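Residue-level structural notes
Chain by chain, the residues run as shown.
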Amino acid sequence: RKMRIDFGSPPRTFVTDGTTFWFYDPAQKQVIEQSDLGGSGSNGMGVLLDDLSKLDEMFQITLVPEDKSKNTHTLHLVPAKEGAFKSLDLTVSKQKYVLQDLVLVDPMGAVTEMHFSSVKIDADVPDTEFVFVAPPGVQVIKGM
């Protein structure tokens, strides 16, 4: 249930330790912090990281029409309950279902696109990589 993604320019960070996730945007001097990823009233992020068998309960899922020139599948997910995002598009390779692209629409309508390469699954990463401490002077917005 742990994940860290550093992306963009200036670099932004998405990190979760399994119970809390943080989205840090240094340009905005803001951190969005959401706790209880998998508890009652979950926003769906915990399900994505923990129990894929419940996706159909937590989201309205649509298979995006296939682009014949690509060797991928794309799912459009809309949370059944309001939460950390409005929608999420996941694009995976057809052969091994490895994540290639992610498009996230946040509650305010901002779109974040991520493209993945050199994905490593079950790599040995120290737990310290999944802890986030807001830099001084950064606004922390809790419980969105």
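Residues numbered from 1 in each chain as written. Predicted model: local features only at pLDDT ≥ 70, side-chain atom pairs only at ≥ 80, totals over all residues. Heavy atoms only, no water.

**Structural notes on the side chain of Thr74**
Selection criterion: Only runs of H or I of at least four residues qualify as helices and only runs of E of at least two qualify as strands under DSSP, and these elements are numbered from the N terminus. Two N or O atoms form a polar contact when they lie within 3.5 Å of each other; inside protein one atom must be a possible hydrogen donor and the other a possible acceptor, and for residues adjacent in sequence the pair counts only when both atoms belong to side chains. Only heavy atoms matter for contacts: two residues are in contact if any of them lie within 4.5 Å across the pair.
Along the polypeptide, Thr74 turns up in strand β6 (residues 72-79). At 2.8 Å, the side chain of Thr74 and the side chain of Thr91 are in polar contact. With sequence-adjacent residues up to four places away left out, Thr74 is seen in contact with Thr62, Leu63, Val64, Asp89, Leu90 and Thr91.

**A closer look at the pattern of salt bridges**
Which entries qualify depends on this criterion: The rule for a salt bridge is simple: a side-chain nitrogen of Lys or Arg has to be within 4 Å of a carboxyl oxygen of Asp or Glu. Using a 1.4 Å probe on the protein chains alone, a residue whose accessible area is under 20% of its type maximum counts as buried, one over 50% counts as exposed, and one in between counts as partly exposed.
Within the structure shown, the criterion is met by four salt bridges. Here Lys142 and Glu33 are joined by a salt bridge, their closest N and O atoms 3.6 Å apart. Taken together, the positions of Lys142 in strand β10 (residues 139-142) and Glu33 in strand β4 (residues 30-35) put the pair 109 residues apart, joining distant regions of the chain. Under the relative-accessibility criterion, Lys142 is labelled exposed at 61%. Between Glu66 and Lys94 there is a salt bridge; the shortest N-O distance is 2.3 Å. Pair noted here: Glu66 is in the loop between β5 (59-63) and β6 and Lys94 is in the loop between β7 (87-93) and β8 (99-105), with a separation of 28 residues, a long-range link. For Glu66, a relative accessible area of 40% puts it in the partly exposed group. What makes Lys94 partly exposed here is its relative accessible area of 23%.

**Observations regarding the sheet that holds strand β2 (residues 12-16)**
Short version of the rule: Here, strands pair whenever DSSP counts at least two bridges between them. Note on method: axes are straight lines fitted to C-alpha atoms, helices fitted across the in-contact stretch only, with angles between N-to-C directions ranging 0 to 180 degrees.
Read from one edge to the other, the open sheet built from five strands follows the order β1-β2-β3-β4-β10, with strand pairing classed as mixed. Across the chains shown, the open sheet's two edge strands, defined by having one partner strand only, are β1 (3-7) and β10. Along the sheet, successive strands turn relative to each other by an average axial angle of 10 degrees, direction set aside. Direction of pairing for β1 relative to β2: antiparallel, over a ladder of five bridges. Residue Phe7 lies in a different strand from β2, and its bridge partner there is Arg12.

**Let's talk about the nonpolar core**
In plain terms, the rule: In this description, a nonpolar core means a group of buried Ala, Val, Leu, Ile, Met, Phe, Trp, Tyr and Cys residues linked to one another through side-chain atoms lying within 4.5 Å.
Among the nonpolar cores identified, the biggest contains 15 residues, and Leu77, Phe85, Leu88 and Leu102 are the most heavily contacted of them. Contributions of two or more residues to this core are made by β1, β3 (20-25), β7 and β8. Counting seven residues, the second largest nonpolar core, distinct from the first, contains Trp22, Phe130, Phe132 and Val138.

**Quick look at the packing of aromatic side chains**
Formally: Under the pairing criterion, centres of Phe, Tyr and Trp rings, with the six-membered ring standing for Trp, must be within 6.5 Å; the plane angle then separates stacked pairs below 30 degrees from edge-to-face pairs above 60, leaving the rest tilted.
If you walk through the whole model with that rule in mind, you get five aromatic pairs. Note on Trp22 and Phe132: the rings are 6.4 Å apart at their centroids and 35 degrees apart in plane angle, and the pair reads as tilted. Placement of Trp22 in strand β3 and of Phe132 in the loop between β9 (111-115) and β10 is noted, with a sequence separation of 110 residues between them. Like Phe132, Trp22 is buried. Summarising the aromatic geometry, the rings of Phe59 and Phe85 are spaced 6.1 Å apart at their centres and angled 15 degrees between planes, so their arrangement reads as stacked.

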